[in-house]
Amino acid sequence: MAVTICVEAKADESFGGSVAEELAKARRRPATRFPDRLNWLSSSLLGVPAFLDRDQMALSDEIAGLPYQLLAAIGGTILEAELQKSTMAILVVHEFRTLLTTDIKMTANAKALDDFLRLLLAENGASDEEVQLTV
């Protein structure tokens, strides 16, 4: 069995902007496929379309606040697993704690990851009862 393992490592940094923030940045670029990519990620991973309309202008409230880096990291892990012909894909989120890291940022990341995992599990028919991240 071939396994692909990807790592999202953090040290005193967030999971980046929300989906809504990243979409707004992308729309300022002259030509972007970001809305299509976002809709594919959201639909494929969560079973929820990112947009409420065909023109991809009205972003779903359920998707808007998600940390885009997590959505992209899972999508990238799955694509890499397909390229490697792996039968299993694992995304590891590793957060370093040092004397220079801030507990407030780590707590915010734990909540963002917890919320994201709960939605991911719920939309894929799995129980989220055991999801509880702590700092």
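Residues numbered from 1 in each chain as written. Predicted model: local features only at pLDDT ≥ 70, side-chain atom pairs only at ≥ 80, totals over all residues. Heavy atoms only, no water.

Engineer: Could you clarify how one ought to interpret the environment of leucine 120 in this entry?
Structural biologist: Take leucine 120: it is sitting in helix H5 (residues 103-123). With sequence-adjacent residues up to four places away left out, leucine 120 is seen in contact with Leu45, Leu46 and Ile74. (Helix = DSSP H or I, 4+ residues; strand = E, 2+ residues; numbered from the N terminus. Contact = heavy atoms within 4.5 Å.)

Engineer: Explain the pattern of salt bridges here, please?
Structural biologist: Side chains that differ in sign of charge can pair as their charged atoms come close. Per the stated rule, a full pass over the model turns up 8 salt bridges. Two residues, glutamate 8 and lysine 10, come together in a salt bridge whose shortest N-O distance is 3.2 Å. Here glutamate 8 and lysine 10 have matching classes, each one buried. Across the pair glutamate 22 and lysine 25 runs a salt bridge, and its minimum N-O distance is 3.3 Å. Placement of both glutamate 22 and lysine 25 in helix H1 (residues 19-27) is noted, with a separation of 3 residues, approximately one turn of the helix. In this structure, a network of salt bridges that share partners links the residues Glu8, Lys10 and Glu13. (Salt bridge = Lys/Arg side-chain N within 4 Å of Asp/Glu carboxyl O. Buried < 20%, exposed > 50% of the residue type's maximum accessible area, 1.4 Å probe, protein only.)

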